[in-house]
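Topology and contacts: notes
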Amino acid sequence: MHKNLHKQKETAMIKDNNTAQSEKEIKQRGGRTGAAAEGSIPKVGVNGGNSAMGRQRQPQANEIDLLELLMEFWRHIIAILVSVLVFGLGAGLFSRYCITPQYSSSSMLYVLSKETTLTSLADLQIGSQLTNDYKVIVSSRPVLQTVIDQLNLDISYTEFKKRLSITNPNNTRILMLTIEDADPVLAKDIVDSVARVSSEYIAETMEMVPPKLIEEGTVAVNKSSPSVSRNALMAALIGGVLMCGIITVRYLLNDAVTTEEDVEKYLGITVLASIPKRESASKEKDDKKTPKKSRRKRR
């Protein structure tokens, strides 16, 4: 009996030990799986971070990188220079050979009031007011139409008025009349005729002291327009800006990923390795020499 009880106790103790060991193993396994589960969380977080970085980097694709844009301009510098040269040269040649040159001539009128006391303050004020009135009268239809009839000009009143320029220098009572025409001699005759006819018309109509002609027009030697250099410079600038605009549009519309930097920038993925592209093997051409048959000439 005692032996049986002793054996039963030993068996129970062994079972208890086995149970305890199995529980420890289960706990250890559970800890390992928990650690593995915990370890897997950062991996998911890294992937999520990469996707978040990708989402954050996607809007940057629509932004303009000034350094890359300047490099793009530098890569197409030849096209920009060619555009500048073509536009500038074309505008210069067009201005020189296709546009009729114009010559200007000017005359000056001095405005006096009815009182001849030039030192009077009231006289100065009245003279300044009359200057504004005379500017309108000089370009009126009766004056210009009379000039057209006297010189037999083939021009309408509206076009004549556009070609006539009337200015009044600051703090003066002087009217400067300027006419542009393709013939420098005719431009002088027109401006002198306008000055004389307007002075006579003012004296008859307004019963005022007519403005005095203090300087007649001169025959111009140099043309006033067009300016070949200015037109060429403006056209060259427009050509350069236009080509830079085309390059910028192409740069913005180009969404191709071609370099490792593009992959990291736009996709947020680190490039581990790259395989170089092999050039296609050139095909060897078999040069077959055709034998030449010598012909003997019979004598």
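See the structure above.
Definitions and limits used
Residues numbered from 1 in each chain as written. Predicted model: local features only at pLDDT ≥ 70, side-chain atom pairs only at ≥ 80, totals over all residues. Heavy atoms only, no water. Helix = DSSP H or I, 4+ residues; strand = E, 2+ residues; numbered from the N terminus. Buried < 20%, exposed > 50% of the residue type's maximum accessible area, 1.4 Å probe, protein only. Contact = heavy atoms within 4.5 Å. Pairing = 2+ DSSP bridges. Axes fitted to C-alpha atoms, helices over the stretch in contact; angles between N-to-C directions. Parallel < 35°, antiparallel > 145°, perpendicular 65-115°, else oblique. Left-handed = near helix turned anticlockwise from the far one by under 90°. Nonpolar A, V, L, I, M, F, W, Y, C, P; charged D, E, K, R; others polar. Core = buried A, V, L, I, M, F, W, Y, C linked by side-chain atoms within 4.5 Å. Salt bridge = Lys/Arg side-chain N within 4 Å of Asp/Glu carboxyl O. Polar contact = N/O pair within 3.5 Å; in protein donor to acceptor, adjacent residues only side chain to side chain. Patch = residues over 30% accessible without salt bridge, like charges linked within 9 Å, V, L, I, M, F, W, Y side chains within 5 Å. Areas by Shrake-Rupley, 256 points an atom, 1.4 Å probe, with all protein chains shown as cover. Expected span 1.5 Å × (residues − 1).

What follows covers the environment of Val136. Tracing the backbone shows Val136 in helix α4 (residues 121–138). Taking relative accessible area as the criterion, Val136 reaches 58% and is therefore assigned exposed. Spatially, the C-alpha atom of Val136 lies 9.1 Å from that of Ile166, the residues being 30 residues apart in sequence.

With respect to the helices and strands, the residue Thr178 is situated in strand β3 (residues 174–181). Residue class for Thr178 comes out buried when judged on its relative accessible area of 18%. Once residues within four sequence positions are removed from consideration, Thr178 is found in contact with Ser104, Ser105, Ser106, Arg163, Leu164, Ser165 and Val191.

Once that is clear, we can look at the sheet that holds β3. Ordered by their spatial adjacency, 4 strands build an open sheet running β2-β3-β1-β4, and the pairing between neighbours is antiparallel. The strands lining the two open edges of the sheet, one partner per strand, are β2 (164–167) and β4 (212–215). Across this sheet, the average inter-strand angle for adjacent strands is 30°, counted without regard to direction. Strand direction decides the pairing type here: strand β1 (residues 103–110) and β3, joined by 8 bridges, are antiparallel.

Moving on, we come to the packing of helix α5 (residues 141–151) against helix α7 (residues 184–206). Packing of α5 against α7 brings their axes to within 9 Å, and their N-to-C directions diverge by 130°. Here α5 lies oblique to α7, going by the angle between them. The element α5 and its partner α7 pack so that their crossing is right-handed. In this structure, α5 contributes Pro142, Val143, Leu144, Thr146, Val147, Gln150 and Leu151 to the contact, and α7 contributes Asp189, Ile190, Ser193, Val194, Val197, Ser198 and Tyr201. When the residues that make up the contact of α5 with α7 are grouped by side-chain class, the tally is 9 nonpolar, 4 polar and 1 charged.

This part is about the nonpolar core. Of all hydrophobic cores here, the largest spans 26 residues; its most connected members are Tyr134, Phe160, Leu164, Leu177, Ile179 and Val194. When residues of this core are traced back to their parent elements, those giving at least two are α4, α5, α6 (157–163), β2, β3 and α7. When residues of this core are assigned to their parent elements, the largest contribution, 7 residues, is made by α7. Once you skip the residues sitting within four places of it in the chain, Val194 turns out to touch Val138, Val143, Leu144, Val147, Phe160, Leu164 and Leu177. In this structure, Leu69, Phe73, Ile247 and Tyr251 belong to the second largest nonpolar core, which totals 5 residues.

What follows covers the pattern of salt bridges. Enumeration according to the criterion identifies 3 salt bridges in this entry. Ionic pairing is found between Asp181 and Arg163, a salt bridge with its closest N-O pair at 2.2 Å. Of the two residues, Asp181 is situated in strand β3 and Arg163 in helix α6; the sequence distance between them amounts to 18 residues. Judged by relative accessible area, Arg163 falls into the partly exposed class, the value being 27%.

Turning our attention to the environment of Asp192. Along the chain, Asp192 turns up in helix α7. For the pair Asp192 and Thr218, spaced 26 residues apart in sequence, the C-alpha to C-alpha distance is 9.3 Å. The residues touching Asp192, leaving out its near neighbours within four places in the chain, are Ser107, Glu216 and Gly217. Side chain to side chain, Asp192 and Lys188 meet in a polar contact 2.8 Å long.

Residues Leu67, Met71, Trp74, Ile77, Ile78, Leu81, Val82, Val86, Phe87, Ile238, Leu242 and Ile246 make up a contiguous nonpolar surface patch of roughly 1,200 Å² in combined accessible area. Breaking the nonpolar patch down by element, the ones donating at least two residues are α2 (66–75), α3 (77–97) and α8 (228–253). For the nonpolar patch, the leading source of residues is α3, giving 6 residues.

Between its first and last C-alpha atoms α7 spans 33 Å; for 23 residues at 1.5 Å apiece the expected length is 33 Å, and the two agree. What α7 keeps buried is the set Pro184, Ala187, Ile190, Val191, Asp192, Ser193, Val194, Ala195, Val197, Ser198, Ser199 and Ile202. A side-chain oxygen of the first residue of α7 lies 3.2 Å from the backbone nitrogen of Val185; this N-cap is Asp183. Within two residues after α7, Glu207 carries a phi angle of roughly 50°, on the positive side.

Functional significance is not addressed by these values, which are geometric in nature.
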